[in-house]
Amino acid sequence: MSGTDDIPTVDYVSGTGVPIRGNDIDTDQIIPARFMKVVTFDGLGQFAFFDQRFDDDDSPKDHPMNEEQFKDASVMVVNSNFGCGSSREHAPQALMRWGIDALVGESFAEIFAGNCLALGIPTVTADSETVTALQEWVDENPDGTIDVDVEAETVTYGDTTVDVTVDDAQRRALVDGVWDTTALMKSNAQAVREKAQSLPYVTLDE
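An account of the accompanying structure is given in this report.

What counts and what doesn't
Residues numbered from 1 in each chain as written. Predicted model: local features only at pLDDT ≥ 70, side-chain atom pairs only at ≥ 80, totals over all residues. Heavy atoms only, no water. Helix = DSSP H or I, 4+ residues; strand = E, 2+ residues; numbered from the N terminus. Buried < 20%, exposed > 50% of the residue type's maximum accessible area, 1.4 Å probe, protein only. Phe/Tyr/Trp six-rings, centres within 6.5 Å; stacked < 30°, edge-to-face > 60°. Core = buried A, V, L, I, M, F, W, Y, C linked by side-chain atoms within 4.5 Å. Contact = heavy atoms within 4.5 Å. Axes fitted to C-alpha atoms, helices over the stretch in contact; angles between N-to-C directions. Parallel < 35°, antiparallel > 145°, perpendicular 65-115°, else oblique. Left-handed = near helix turned anticlockwise from the far one by under 90°. Nonpolar A, V, L, I, M, F, W, Y, C, P; charged D, E, K, R; others polar. Polar contact = N/O pair within 3.5 Å; in protein donor to acceptor, adjacent residues only side chain to side chain. Salt bridge = Lys/Arg side-chain N within 4 Å of Asp/Glu carboxyl O.

Overview of unusual backbone geometry
Thinking step 1. If you check the backbone angles, Asp58 has positive phi at about 65° while not being a glycine.
Thinking step 2. Along the chain, Asp58 turns up in the loop between helix H2 (50-53) and strand S2 (75-77).
Thinking step 3. With a phi angle near 60°, Glu153 is a residue other than glycine that sits in the positive phi range.
Thinking step 4. Note that Glu153 resides in the loop between strand S5 (145-149) and strand S6 (154-157).
Thinking step 5. Looking at Glu153, the relative accessible area reads 23%, which means it is partly exposed.

Details of the packing of aromatic side chains
Thinking step 1. Enumeration according to the criterion identifies nine aromatic pairs in this entry.
Thinking step 2. Considering the side-chain rings of Phe82 and Phe108, the 6.3 Å spacing of their centres and the 85° angle between planes classify their relative orientation as edge-to-face. Of this pair, Phe82 sits in the loop between S2 and helix H3 (90-98) while Phe108 is found in the loop between strand S3 (102-105) and helix H4 (110-117), placing the two residues 26 residues apart along the sequence.
Thinking step 3. Residue Phe108 is classed as buried on the basis of its relative accessible area, which comes to 14%.
Thinking step 4. On the basis of an interplanar angle of 15° and a centroid distance of 6.4 Å, the ring pair of Phe108 and Phe112 is categorised as stacked.

Description of the nonpolar core
Thinking step 1. Core analysis: the biggest nonpolar cluster contains 55 residues, and Met76, Phe82, Leu95, Leu103, Ile146 and Val155 have the highest contact counts within it.
Thinking step 2. Setting aside residues no more than four positions away along its own chain, Phe82 makes contact with Ile25, Ile30, Phe49, Met76, Leu95, Leu103, Ser107, Phe108, Ala109 and Phe112.

Side note on the packing of H3 against H4
Thinking step 1. Two numbers describe how H3 lies on H4: the axes approach to 8 Å, and their chain directions differ by 50°. Between H3 and H4, the angle falls in the class oblique. For the pair H3 and H4, the sense of crossing is right-handed. Contacts between H3 and H4 involve Ala91, Pro92 and Leu95 from the first element and Phe112, Asn115 and Cys116 from the second.
Thinking step 2. Along the lines of polarity and charge, the residues of the contact of H3 with H4 split into five nonpolar, one polar and no charged.

What about the side chain of Asn79?
Thinking step 1. The residue Asn79 is located in the loop between S2 and H3 in this model.
Thinking step 2. Looking at Asn79, its side chain comes within polar contact range of the main-chain nitrogen of Gly22, at 2.9 Å.
Thinking step 3. A polar atom in the side chain of Asn79 sits 3.3 Å from the side chain of Gln135.
Thinking step 4. Ignoring sequence-local partners within four residues, the contact set of Asn79 consists of Ile20, Arg21, Gly22, Asn23, Gly105, Glu106, Ser107, Val131 and Gln135.

Comments concerning the side chain of Ser74
Thinking step 1. Structurally, Ser74 is set in the loop between H2 and S2.
Thinking step 2. When near neighbours in sequence (up to four residues on either side) are disregarded, Ser74 contacts Ser14, Gly15, Thr16, Gly99, Ile100, Asp101 and Ala102.

Considering the pattern of salt bridges
Thinking step 1. Per the counting criterion, the structure on display carries eight salt bridges.
Thinking step 2. For Asp139, the salt bridge is made with Arg21, and the minimal N-O distance between the two is 2.6 Å. Residue Asp139 is found in helix H5 (residues 128-140), and its partner Arg21 is found in the loop between strand S1 (12-19) and helix H1 (27-30); the two are separated by 118 residues along the sequence.
Thinking step 3. Accessibility expressed as a relative area gives 44% for Arg21, which makes it partly exposed.
Thinking step 4. Close ionic contact of Glu68 with Lys71 constitutes a salt bridge, the shortest N to O distance being 3.9 Å.
Thinking step 5. According to the relative accessible area criterion, Glu68 is exposed, its value standing at 58%.
Thinking step 6. A relative accessible area of 41% places Lys71 in the partly exposed class.
Thinking step 7. Bridged by salt links that share partners, the residues Glu68, Lys71 and Asp72 form one connected network.

Written as structure tokens, this is what we have:
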């Protein structure tokens with residue numbers, strides 16, 4: 001499609017992993033509401049999972065995202081119904097700014113997955129046994145690379161390749177480079193203006 005040169009395709013993500021265990025992890029856990037009073041999303045990454053990572057005195061608790069071996073991870077491996085609860089876009093924004101480029105899980109809340117897509121972050125799914133095995137592998141191989149092939153719908157780690165599922169609309173948007181709808185509209189601004197000028201019932205302000 002023309003006019004998409006500024007929107008990168010996301011057909012493949014590669015990086016080390018971080019396991020986040022637990023079902024029904026909601027967006028309030030991912031980014032507590034008190035950190036949403038910001039003008040921009042800059043710096044939001046430091047507050048990702050804040051209440052799970054720190055106590056009332058801001059002392060670190062036992063949490064994977066506090067562990068040195070996972071500090072450079074870019075693939076988060078989660079369980080069922082991740083990102084449920086309120087539809088705050090700050091949740092994937094915080095994860096992205098912490099360093100997450102892709103999520104592999106059993107299932108994702110629909111709005112959360114949509115908000116991830118708007119940032120170019122794939123949310124790929126697999127069954128419980130597959131996800132558990134990947135989480136255990138990440139624990140044992142924190143420096144090991146996870147390759148998420150969005151187009152082929154596979155995840156490869158170590159000597160193992162497993163089939164995963166990517167929502168068809170998400171896969172097409174990422175692979176075709178049309179996931180950023182705002183950038184897509186901006187890149188086609190001239191075509192929109194030309195079309196509008198050809199319509200007798202539209203008046204453009206010069």
